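Residue-level listing of the chains:
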Amino acid sequence: MEKFSVVVSGFDRYEDVKVNPSYEVPKALEEQGLQSLPDDDGVLDGIQIDITTAMLPVSFSDAWPRLREVLDRIQPDIVVATGLKHAARGVALERCATNQRDASSRGDDEQDQELIPIRPDGPAAYWTRLPLRSILTDFSSHGIPATLSSDAGTYVCNSLFYNLLNWTAKQEHVLSGFVSFPLVNESASHEYGLPIRQQIAAGQAVIRRSVRYFQEPTSQDVMLV
């Protein structure tokens, strides 16, 4: 049986957010795996997927080192970092991590007042390694509202994403990317947010399509623009 190791990270607390999907979805993925998601095309036949979660503080200084510890221990094939976009209507697939940070936003442990490089000697940006086109197709087939996002901002999510892709660039065979979840909204007529079950299904689809792309990478699965 072919085995894949997947690390899914989330954040353990957001200020004024009662139900944090970036905490709940990774936890559910580790507990449930991908069993509740229909595998119509047999992507997972004969494959064992081991999912490990990493819950991180919303902190420029601590989030990446905490995730790096898990990556060094697990040596995963796929890494999916997750965060929260408060005003999102659906799941946002992040295309790009930029080499800039702004710590003046709320809730962090540092208070810089301008944009500064995350890594002064690093490239201006990194592109995701996840097969976004394939993931969006899977979302559509399961009725999961989603969009492509140009970048993850300049706060902790982007900093984590950039450091993750910088690490990934030095690995031989690792796929990694960032998914932003909306607020949890269980209302049948919701303007913002999605039910938690849909968000868990989205996390499962991201992993499933990433495993398939890891096995058979094709340009048709990739969408960056």
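Refer to the preceding data block for the structure.
Residues numbered from 1 in each chain as written. Predicted model: local features only at pLDDT ≥ 70, side-chain atom pairs only at ≥ 80, totals over all residues. Heavy atoms only, no water.

Participant: Even after reading the chapter, I still don't get the packing of helix 3 (residues 132-141) against helix 5 (residues 196-215), so can you show me in this structure?
Facilitator: A pair of packed helices is captured by two measures, namely the crossing angle of their axes and the spacing between those axes. Contact geometry for helix 3 and helix 5: axes closest at 9 Å, N-to-C directions at 135°. Of the possible angle classes, the one that applies to helix 3 and helix 5 is oblique. Of the two possible hands of crossing, helix 3 and helix 5 adopt the one that is right-handed. Taking contact as the criterion, the partners of Ser134, Ile135, Asp138 and Phe139 in helix 3 are, on helix 5, Ala202, Ala205, Val206, Arg208, Arg209 and Ser210. Class assignment for the residues of the contact of helix 3 with helix 5 results in 5 nonpolar, 2 polar and 3 charged. (Axes fitted to C-alpha atoms, helices over the stretch in contact; angles between N-to-C directions. Helix = DSSP H or I, 4+ residues; strand = E, 2+ residues; numbered from the N terminus. Parallel < 35°, antiparallel > 145°, perpendicular 65-115°, else oblique. Left-handed = near helix turned anticlockwise from the far one by under 90°. Contact = heavy atoms within 4.5 Å. Nonpolar A, V, L, I, M, F, W, Y, C, P; charged D, E, K, R; others polar.)

Participant: Looking at this structure, I do not really get the pattern of salt bridges. What am I missing?
Facilitator: Working definition: two side chains of opposite charge can pair if their charged atoms are close together. Per the stated rule, a full pass over the model turns up 5 salt bridges. Here glutamate 24 ties to lysine 27 by a salt bridge, and the two come within 3.4 Å at their closest N and O atoms. Note that glutamate 24 and lysine 27 are positioned in helix 1 (residues 21-32) at a spacing of 3 residues, about one turn of the helix. Residue glutamate 24 is classed as partly exposed on the basis of its relative accessible area of 25%. Judged by relative accessible area, which is 29%, lysine 27 ranks as partly exposed. Where glutamate 94 meets lysine 85, a salt bridge forms, and the shortest distance between an N and an O atom there is 3.0 Å. What makes glutamate 94 buried here is its relative accessible area of 0%. (Salt bridge = Lys/Arg side-chain N within 4 Å of Asp/Glu carboxyl O. Buried < 20%, exposed > 50% of the residue type's maximum accessible area, 1.4 Å probe, protein only.)

Participant: Got a minute to help me understand the environment of arginine 13 in this structure?
Facilitator: With respect to the helices and strands, arginine 13 occurs in the loop between strand 1 (2-11) and helix 1. Taking relative accessible area as the criterion, arginine 13 reaches 56% and is therefore assigned exposed. Setting aside residues no more than four positions away along its own chain, arginine 13 makes contact with Asn20 and Val58.

Participant: Sorry, what's going on with the nonpolar core here?
Facilitator: Within soluble globular proteins, side chains that are nonpolar generally end up buried alongside one another. Ranked by internal contacts, the top residues of the largest apolar core, which has 33 residues, are Ile49, Ile51, Val91, Phe139, Val206 and Ile207. Setting aside residues no more than four positions away along its own chain, isoleucine 207 makes contact with Val6, Val8, Leu29, Leu34, Ile49 and Ile51. Counting 30 residues, the second largest nonpolar core, distinct from the first, contains Leu67, Val70, Leu71 and Val156. (Core = buried A, V, L, I, M, F, W, Y, C linked by side-chain atoms within 4.5 Å.)

Participant: Before we go on, may I ask you to explain the sheet that holds strand 3 (residues 78-84) in this structure?
Facilitator: In a beta sheet, neighbouring strands are held together by backbone hydrogen bonds and run either parallel or antiparallel to one another. Strand order in the open sheet made by the 6 strands is 2-1-3-8-4-7, with mixed pairing throughout. In this open sheet, the two edge strands, each paired with only one partner strand, are strand 2 (47-56) and strand 7 (146-149). In this sheet, neighbouring strand axes are inclined to one another by 25° on average, regardless of whether the strands run parallel or antiparallel. Across 7 bridges, the pairing between strand 3 and strand 8 (residues 175-181) is parallel. (Pairing = 2+ DSSP bridges.)

Participant: Explain the pairing of strand 3 here, please?
Facilitator: Within a regular strand, side chains alternate between the sheet's two faces. Taking burial as the measure, the 7 residues of strand 3 include 7 buried ones, the bulk of the element. By the alternation rule, side chains of strand 3 split into Ile78, Val80, Thr82 and Leu84 and Val79, Ala81 and Gly83, which are all buried. Bridge count for strand 1 against strand 3 is 4 bridges, and the pairing is parallel. Among the inter-strand pairings, valine 7 is bridged to a residue of strand 3, identified as valine 79.

Participant: Is there a simple way to explain the packing of helix 1 against helix 5 in this structure?
Facilitator: Here helix 1 crosses helix 5 at 60°, and the two axes come no closer than 9 Å. What the angle tells us is that helix 1 and helix 5 run oblique. Crossing handedness for the pair helix 1 and helix 5: right-handed. Between helix 1 and helix 5, the residues in contact are Pro21, Glu24, Val25, Ala28, Leu29 and Gln32 and Ile196, Gln199, Ile200, Gly203, Gln204 and Ile207, respectively. When the residues that make up the contact of helix 1 with helix 5 are grouped by side-chain class, the tally is 7 nonpolar, 4 polar and 1 charged.

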